Amino acid sequence: MLRRKAEWVMDQAGFPGGGHNAKTLRKIIEYYPREELWQMSREELQRIAARAGKMETLIEGLLRFVQVEQGRARLAVSAYDPDAVVRAAAERIAKDFAGRDITLSLDLQFGGMIDSIDPSALDIVASNLIENAFHYTPPPGTISVSTERGADGSFETVVKDTGMGIGPDTAQNIFAKFRRSQEAIERNATGSGLGLYIVKTLLDRWGGTIDFESTSGAGSTFRFTLPAQRGSAPTT
């Protein structure tokens, strides 16, 4: 019964069904009588489904936070194509935000192999930055993701958006734990406040760097760089 109720709510609210969101949604709607759900408006159902998505975002962020804190994200690495990892992350996230009138462009030009970071860690880094761009870019908007080879052979990635941007008060602590911008809070944007902390911690441990440029109301650009070849073991 709960599965049918969850699927019905997701369908009526216009949210994609299945996956963790549906599982979280079932936990929420078990407290609603069936008759009450059937009488709810589309807007009310959307709020319930969105609540499930926000809870799932928080749970996933906390799990990644624990993995990073315990050093579980550091694994042995064989050489692989980082462009493929970034492309897969971007395309996966774009599907989650389909229909929001946000244009995603990819220009992945690194064209080589790296072994300096575990591919699952690179996926976490790229996914967090790209998902943030979608969350914090009101439609209509644009997001671009590009990669290139640095002068020293490093793997460089840029994620740029036309979103709400980051104010100066938030910018100075943007990579701190549980830090969310005032712009995101005011717009009720989904987020746990852990994503950028996780990104920075993973890049630090794998010898990478990250910086950003942003103006409140005028979008953000995040750049991260990783050595192509493993020089030494990740720091703890």
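Everything here concerns the structure above.
Residues numbered from 1 in each chain as written. Predicted model: local features only at pLDDT ≥ 70, side-chain atom pairs only at ≥ 80, totals over all residues. Heavy atoms only, no water.

**Q** Sorry, what's going on with the pattern of salt bridges here?
**A** Any two side chains of opposite charge can pair, so long as their charged atoms come close to each other. Taken as a whole and assessed by the stated rule, the structure comprises four salt bridges. Across the salt bridge formed by Arg87 and Glu91, the nearest N and O atoms sit 3.9 Å from each other. On the criterion of helical spacing, the pair formed by Arg87 and Glu91 is a turn pair, its members being four residues apart in helix H5 (residues 82-96). On the accessibility criterion, Glu91 (39% relative accessible area) is partly exposed. (Salt bridge = Lys/Arg side-chain N within 4 Å of Asp/Glu carboxyl O. Helix = DSSP H or I, 4+ residues; strand = E, 2+ residues; numbered from the N terminus. Buried < 20%, exposed > 50% of the residue type's maximum accessible area, 1.4 Å probe, protein only.)

**Q** Even after reading the chapter, I still don't get the pairing of strand E3 (residues 155-161), so can you show me in this structure?
**A** The side chains of a regular strand alternate, residue by residue, between the two faces of the sheet. Here E3 shows one buried face, formed by Phe155, Thr157, Val159 and Asp161, and one open face, formed by Glu156, Val158 and Lys160. Relative to E3, strand E2 (residues 141-149) is paired through seven bridges, and the arrangement is antiparallel. By the bridge assignment for E3, Ser144 is matched with Lys160. Adjacent in sequence and paired antiparallel, E2 and E3 are bridged by five residues, among which Gly153 carries a positive phi angle near 85 degrees. (Pairing = 2+ DSSP bridges.)

**Q** What is the right way to look at the nonpolar core in this model?
**A** Looking at soluble globular proteins, one finds that nonpolar side chains tend to be buried together. Ranked by size, the top nonpolar core spans 42 residues in total, and within it Leu129 and Phe224 carry the most contacts. Of all the secondary-structure elements, those providing two or more residues to this core are H5, strand E1 (102-108), helix H6 (119-135), E2, E3, helix H9 (195-205) and strand E5 (220-226). By residue number, the principal contributor to this core is H6, which donates nine residues. The residues contacting Leu129, other than those within four sequence positions of it, are Val159, Leu196, Val199, Ile210, Phe222 and Phe224. (Core = buried A, V, L, I, M, F, W, Y, C linked by side-chain atoms within 4.5 Å. Contact = heavy atoms within 4.5 Å.)

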